[in-house]
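Breakdown of the fold
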Amino acid sequence: MRIITVIAGAAFKESVRDRVPYSMVAFATLLIAASYLISQLTAGQDMKIIKDLGLAAISWFGLLIAVFIGIGLVSKEVERRSVFAVLSKPISRGQFVLGKYFGLVMTLVVNLAVMTLAFYAVLFYLDVTTNAYAKTAWPAPAMDPRLGLAVILTVAELMIVTAIALFFSTFSSPLLSALLTFGLWVTGHFNADLRNFEAVLDVRPLVWLARALYYVLPNLAPFNVRAEVVHGVDVSLSHVMLTLAYAAVYIAILLAGAIAIFRRRDFK
Amino acid sequence: MAAIETEDLSKDFLVGFWRPRPYRALDRLTLSVDEGEVFGFLGPNGAGKSTTLKVLMQLLYPTSGAARILGRPVGDLSVKQRVGFLPENPYFYDHLTAEELLRYFGRLFGLRGTDLTTRVARVLDDVGIGAERRLRLRQYSKGMVQRVGLAQALLNEPDVVFLDEPMSGLDPLGRRHVRQLMLRLRDRGCTVFFSSHILSDAESLCSRVAILAQGRLVASGRLSDILAFELRGWELVVANLTDETRRSLAARVRSMTALAHGRYTIEVPPEQAPDEILHELRRGGAQVVSLNPLRETLEDYFVQSVGAAATRQTGL
């Protein structure tokens, strides 16, 4: 555990010194701030638009950070040969992969925390500058704690995306890893359609294939509770717990796969 | 106990995209390196030196054969704790300073607190990295990165150290520094296994060498056993050599090569007494600048061994 923590700390430090996440966080913060301006143009819908845009910005920019740093986590080390010196130290390849993963998760959590704080700052401003009568049109209070729940589920989703990027980066090039990760992220959001494939085409082999893909591909739709939260609809605790448990299992399987592949690799 | 042992160690790589076929980079290498010796692992480019070192560091898995370090299989974490490794043309995280990099590696060895701080400072001093230790590595020259590479290989005070081309990228002062460092390591009982194609370094440092060519071991043993050290002639450097003296000496010397500023190098065969030649040179008004005996060098042996291996391979 100590070794994994040391490697995670170094991976976190590397991403902190990389300017890419900073620019993404800055851009997302600007977008959240800009949502306030956009909301001024839409009477009565301002709060919904700010929440929608804010949560979407957090999710999208988090996704960019997860994919673009995740795909380089291991492949960059191998390509630049920095892995030679690290793996000659008394660490296992599994510890190296896990350390890298948790380092990026730390980066994600810090970046998402900064974006969430900026988001809440805009909401707080709107809350104190809006009169009580206008507030009655809001479907939920400005500082709704359920927004935090949406962010937590976004973090869990991005942890899966990071594990996917890391998995691919243990054996393929950064470009291919990025394409495959984005591809899986997109299919992950439409995964439920595969479960009901027979409603579209009732050909047995295809239905079985669709069902198999449904279980193998990540199911990311349950992580998106933005619409419910924005409209003030409650998200059940059981949904949150089940979704988080699903994330934990899926991440564990991906990391086990990444470690198994990385263990067998030759570094020429 | 041998510090390093390999038994019939082979490594094949698959080459070709459509129809991959195995290419043998290392062919049944059997070696044994004693504890506390400086062992030179020599060979031309592509001989399989780095492949061997990577197999020993378990960066590559052997196709067949076995390797042990300090009596345990390679890759054993307790062995890695006692081993240092400098990769060829090393690359380290360039967003870190030398000090930060070594602190990171030190923590992987389980060092912490003041022990870590003093160890990092000492190895950086040992390799001659001064105030630059607080600069990020992206600002370092190739030679300085090489020194940092050496520092990280020595951080855990290893019992066995593997150095892949340690002199690469170093200036003459740096090379001298590293030579002294390797001798200091030997004096404290550390086994030094280094690959190189700079033979003069191997000649001045090693107790034993192994020569590899095309993945095969072509020679190994003590330098004193490999090299006959017999006299192979004399080398004279002279100035003010007249045409008449040159003509009179031509039949008795092996070669006469013009240098700059009117100087000549004259190679005299061993059966020819140099006194006679010196006497004649002085009589002709020439000035003798130097006189040295010629003995078989590691380079001669290397060229013969590698050349013979290439001939066997091509069948020519």
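Scroll up to find the structure this text is about.
Residues numbered from 1 in each chain as written. Chains lettered and ligands numbered in written order. Predicted model: local features only at pLDDT ≥ 70, side-chain atom pairs only at ≥ 80, totals over all residues. Heavy atoms only, no water.

Points about the interface of chain B and chain A
Listed as interface residues are 31 residues of chain B and, on the opposing side, 29 residues of chain A. Taking both sides of the interface into account, the surface hidden between chain B and chain A amounts to around 2800 Å²; carbon and sulfur atoms contribute 59%. The largest contributions to the chain B side of the interface with chain A come from B:Leu59, B:Tyr91 and B:Leu108, which together make up 24% of the buried area. At the boundary of chain B with chain A, the tally comes to 2 salt bridges. A:Asp266 is paired through a salt bridge with B:Lys11; the nearest N and O atoms lie 2.5 Å apart. Taken together, the links from chain B to chain A amount to 13 residue pairs in polar contact (both at pLDDT 80 or more). Of all the secondary-structure elements, those providing two or more residues to the side of chain B that touches chain A are strand E1 (2-15), helix H2 (77-80) and helix H3 (98-108) of chain B. (Contact = heavy atoms within 4.5 Å. Buried area = accessible area lost by both parts, 1.4 Å probe. Salt bridge = Lys/Arg side-chain N within 4 Å of Asp/Glu carboxyl O. Polar contact = N/O pair within 3.5 Å; in protein donor to acceptor, adjacent residues only side chain to side chain. Helix = DSSP H or I, 4+ residues; strand = E, 2+ residues; numbered from the N terminus.)

Here we look at the sheet that holds strand E7 (residues 160-164) of chain B
Residue and element names in this part refer to chain B. In space, the 6 strands of this open sheet follow the order E6-E7-E8-E3-E9-E10, with mixed pairing throughout. Looking at the sheet topology across the chains shown, the edges are occupied by strand E6 (83-86) and strand E10 (216-222). On average, each strand axis in the sheet is inclined to that of its neighbour by 15 degrees, with strand direction left out of account. Sheet strands touched by helix H5 (residues 142-154): E6 and E7. Its angle to E6, the strand with the most contacts, is close to 165 degrees. Contacts from helix H6 (residues 172-187) reach strand E3 (38-42), E7 and strand E8 (191-196), with the element oriented near 150 degrees to E8. (Pairing = 2+ DSSP bridges. Axes fitted to C-alpha atoms, helices over the stretch in contact; angles between N-to-C directions.)

Topic: the nonpolar core
If you look at the biggest cluster of nonpolar residues, it comprises 166 residues, and the most contacted ones within it are B:Ile69, B:Phe162 and B:Phe193. With 15 residues, the single largest contributor to this core is helix H8 (residues 146-169) of chain A. Every residue in contact with B:Phe193, bar those within four places of it in the chain, is listed here: B:Ile4, B:Leu31, B:Val33, B:Phe39, B:Phe41, B:Leu53, B:Leu56, B:Val161, B:Phe162 and B:Leu163. Core analysis: the second largest hydrophobic core is formed by 12 residues, B:Leu236, B:Leu241, B:Leu249 and B:Val253 among them. (Core = buried A, V, L, I, M, F, W, Y, C linked by side-chain atoms within 4.5 Å. Buried < 20%, exposed > 50% of the residue type's maximum accessible area, 1.4 Å probe, protein only.)

Honestly, it's all geometry; don't read function into it.
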